[in-house]
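Structural description and commentary
The lines below spell out each chain.
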Amino acid sequence: MLSRKGLIPDDYLLTRLAEDVQQPKFKASKARKARFVAKNGTCNVAHTNIREQGRFLQDVFTTLVDLKWLHTLIIFTMSFLCSWLLFAMVWWLIAFAHGDLDQKGDDFVPCVTDIHSFSSAFLFSIEVQVTIGFGGRMVTEECLSAIVVLIIQNIVGLLINAIMLGCIFMKTAQANRRAETLIFSKHAVISIRNNKLCFMIRLGDLRKSMIISATVRMQVVRRTTTSEGEVVPLDQIDIHMDNPVGTNGIFLVVPLIICHVIDKDSPLYELSPLDLQNNEIEVVVVLEGVVETTGITTQARTSYLSEEILWGQRFVPTISEEEGMYAVDYSKFGNTVRVATPSCSAKKLDEKGGIARFKLQEHATPRPSRKKRWVNLPVE
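Residues numbered from 1 in each chain as written. Predicted model: local features only at pLDDT ≥ 70, side-chain atom pairs only at ≥ 80, totals over all residues. Heavy atoms only, no water.

Before going further, it helps to spend a moment on the pairing of strand S8 (residues 297–305). As defined by bridge partners, strand S7 (residues 281–291) adjoins S8 across nine bridges and the pair is classed as antiparallel. Bridging from a neighbouring strand, Gly289 pairs with Thr298 of S8. The hairpin formed by S7 and S8 contains five residues between the paired strands, and Gly295 there has a positive phi angle of roughly 75°. (Pairing = 2+ DSSP bridges. Helix = DSSP H or I, 4+ residues; strand = E, 2+ residues; numbered from the N terminus.)

It is worth spelling out the packing of helix H3 (residues 69–98) against helix H4 (residues 118–129) at this point. Contact geometry of H3 with H4 gives a least axis separation of 8 Å together with a crossing angle of 120°. Judged on the interaxial angle alone, H4 and H3 are oblique. Viewed along their axes, H3 and H4 form a crossing whose handedness is right-handed. In this structure, H3 contributes Phe80, Ser83, Trp84, Leu85, Phe87, Ala88, Met89, Trp91 and Trp92 to the contact, and H4 contributes Phe118, Ala121, Phe122, Phe124, Ser125, Ile126 and Gln129. Along the lines of polarity and charge, the residues of the contact of H3 with H4 split into 13 nonpolar, three polar and no charged. (Axes fitted to C-alpha atoms, helices over the stretch in contact; angles between N-to-C directions. Parallel < 35°, antiparallel > 145°, perpendicular 65-115°, else oblique. Left-handed = near helix turned anticlockwise from the far one by under 90°. Contact = heavy atoms within 4.5 Å. Nonpolar A, V, L, I, M, F, W, Y, C, P; charged D, E, K, R; others polar.)

Here we take up the state of the cysteines. The full count for this structure, using the stated rule, is one disulfide. The disulfide that involves Cys111 links it to Cys143, with 1.6 Å between the sulfurs. Because the sign of the S-S torsion sets the handedness, a value of about -45° for the bond joining Cys111 and Cys143 places this disulfide among the left-handed ones. Of the two residues, Cys111 is situated in the loop between H3 and H4 and Cys143 in the loop between H4 and helix H5 (144–172); the sequence distance between them amounts to 32 residues. With respect to burial, Cys111 and Cys143 carry one shared label: buried. (Disulfide = S-S within 2.5 Å. Buried < 20%, exposed > 50% of the residue type's maximum accessible area, 1.4 Å probe, protein only.)

Here we take up the confidence of the model for the protein chain. Averaged over every residue, the pLDDT of the protein chain is 78; residues scoring 70 or more account for 79%. Counting interchain partners and residues more than four positions distant, the pLDDT-below-50 stretch residues 1–29 has 45 contacts. Confidence drops under pLDDT 50 across residues 369–380; counting only partners more than four residues distant or on other chains, this segment forms 31 contacts. (pLDDT = per-residue confidence, 0-100.)

Per the UniProt annotation, the sites labelled "transmembrane region" (unreviewed entry) are residues 73–94 and 144–169. In the segment residues 73–94, helix accounts for 100% and strand for 0%; the C-alpha atoms at its two ends are 32 Å apart. The span residues 144–169 is 100% helix and 0% strand, and its two end C-alpha atoms sit 38 Å from each other. (UniProt positions renumbered as here; feature names shortened; annotations may be inferred.)

Glancing now at the side chain of Asp205. The residue Asp205 is located in strand S3 (residues 196–205) in this model. In terms of polar contacts, Asp205 uses its side chain to reach the backbone amide nitrogen of Arg207, at 3.2 Å. Setting aside anything within four residues of it in sequence, one finds Asp205 in contact with Arg178, Thr181, Leu182, Ile211, Leu252 and Tyr330. (Polar contact = N/O pair within 3.5 Å; in protein donor to acceptor, adjacent residues only side chain to side chain.)

Below, the discussion takes up the nonpolar core. In terms of nonpolar packing, the biggest core is built from 39 residues, with Phe199, Ile201 and Met218 touching the most fellow members. Not counting residues within four places of it along the chain, the set of residues in contact with Met218 comprises Phe199, Ile201, Ile237, Asp238, Ile239, Met241, Ile258, Val283, Val284 and Val285. (Core = buried A, V, L, I, M, F, W, Y, C linked by side-chain atoms within 4.5 Å.)

In this section: the pairing of strand S11 (residues 319–322). Pairing of S11 with strand S12 (residues 325–328), which is carried by four bridges, proceeds in the antiparallel orientation. Directly across from Glu321, in S12, lies its bridge partner Tyr326. The hairpin formed by S11 and S12 contains two residues between the paired strands, and Glu323 there has a positive phi angle of roughly 55°.

In the contact formed by H3 and H5, the axes pass within 11 Å of each other and the chain directions differ by 175°. Comparing the axis directions of H3 and H5 gives the class roughly antiparallel. Residue composition of the contact of H3 with H5, by class: 19 nonpolar, seven polar and one charged.

With that settled, consider the pattern of salt bridges. Tallying each qualifying case throughout the model produces six salt bridges. Note that Arg137 and Glu127 form a salt bridge whose closest N and O atoms lie 3.4 Å from each other. Of this pair, Arg137 sits in the loop between H4 and H5 while Glu127 sits in helix H4, and the two are 10 residues apart along the sequence. Residue classification places Arg137 among the partly exposed positions, given a relative accessible area of 24%. (Salt bridge = Lys/Arg side-chain N within 4 Å of Asp/Glu carboxyl O.)

Moving on: the environment of Thr113. Structurally, Thr113 is set in the loop between H3 and H4. Owing to a relative accessible area of 17%, Thr113 belongs among the buried residues under this scheme. Residues Thr113 and Met138, 25 residues apart in the sequence, show an inter-C-alpha distance of 5.6 Å. Ignoring sequence-local partners within four residues, the contact set of Thr113 consists of Gly136, Arg137, Met138 and Thr140.

The subject of this paragraph is H5. Between its terminal C-alpha atoms H5 stretches 42 Å, which fits the 42 Å expected from 29 residues at 1.5 Å a residue. Among the residues of H5, those classed as buried are Ala146, Val149, Gln153, Gly157, Ile160, Met164, Cys167 and Lys171. (Expected span 1.5 Å × (residues − 1).)

Let's shift gears to unusual backbone geometry. Positive phi values are uncommon outside glycine, yet Asp114 reaches one of about 60°. Along the polypeptide, Asp114 turns up in the loop between H3 and H4. Accessibility expressed as a relative area gives 40% for Asp114, which makes it partly exposed. In this model, Thr131 sits at a positive phi of 55°, which is unusual for a non-glycine residue. Mapping Thr131 onto the fold places it in the loop between H4 and H5.

Right, let's get into H4. Given 3.6 residues per turn, any residue in an α-helix points the same way as the ones three and four places further on. For H4, spanning 12 residues, the distance from its first C-alpha to its last is 16 Å, which sits close to the expected 16 Å at 1.5 Å a residue. Of all the positions in H4, only Ser120, Ala121, Phe124, Ser125, Glu127, Val128 and Gln129 are classed as buried. Elements that come into contact with the buried residues of H4 comprise H3 and H5. Thr131 sits one or two positions beyond H4 and adopts a positive phi of about 55°.

As structure tokens, this is what we get:
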């Protein structure tokens, strides 16, 4: 509304949050491509017809950690209840075999004092395994078998405690929980940066505790056909990135723009805006690093489909200096601004003289106003 009235020029008109921005649709009836990686990082892959189910039991601890919380709590409860009931039966059998259940005189020494029924044997089993002594029941020196069972139950109880408590701790301290505060821009952009056509995304960390040795890598996932005619439905192609700090690791203190230069080695080299919408490609972004507070390696993932890549836009700055310190405005995290960008592929751009010719044609175009124009290089 403001731009129509001329109050704000188009070159400074910000779009809405990138979550709401939509690229022009070239094919309205195009079926939506299934994601390989969802926006929240989960992999959209279903494993079916697995016949060797026994392999999961060979790594019981990892299987327990991977289970849902409801199943884990059920196994946690049943493991203690079953062990208590099993040893309660053993204590009751020892008392029954020694005759402790019958009323004897004062000179009779039982294996375990004050066991008169299965209920009392169950209570004694709980007292032994959780090391709670109420003072009424105890093992005497009368029966060697009772001493052996006492030792075995203590060892079994320690093993159950170690496995179950370790499983609960690992589920609560999983690395993917830390990844919840690692955010990506919902849309990627393609525009000119440092005289090169670049593919860019923005990522940030909402916590003050840092991600140490953070690295970012990208892959293009698409359907390809080999020269022999073999169809690869999910061909994963690594793409090179220019990190902001010029090294393999990034210093993720403030939101950073991760840039991929679309050159001859890039899988996006031959794609124009029209080709980008017509080709079913998906760009997967993976951020890995070590959590500073726990030392656990974490990984955050997201992906961008063709319709989520905005051609001819760039991210607006989010960092400002206020009162001697830098402030980050996360309300602008997904905001983009429209910039002049050639509407042809990087390959055609190189064939037609590169960015220099594009800028020359841009300056040579008559401008009736200060608004930035879209300059389209001839595409053969």
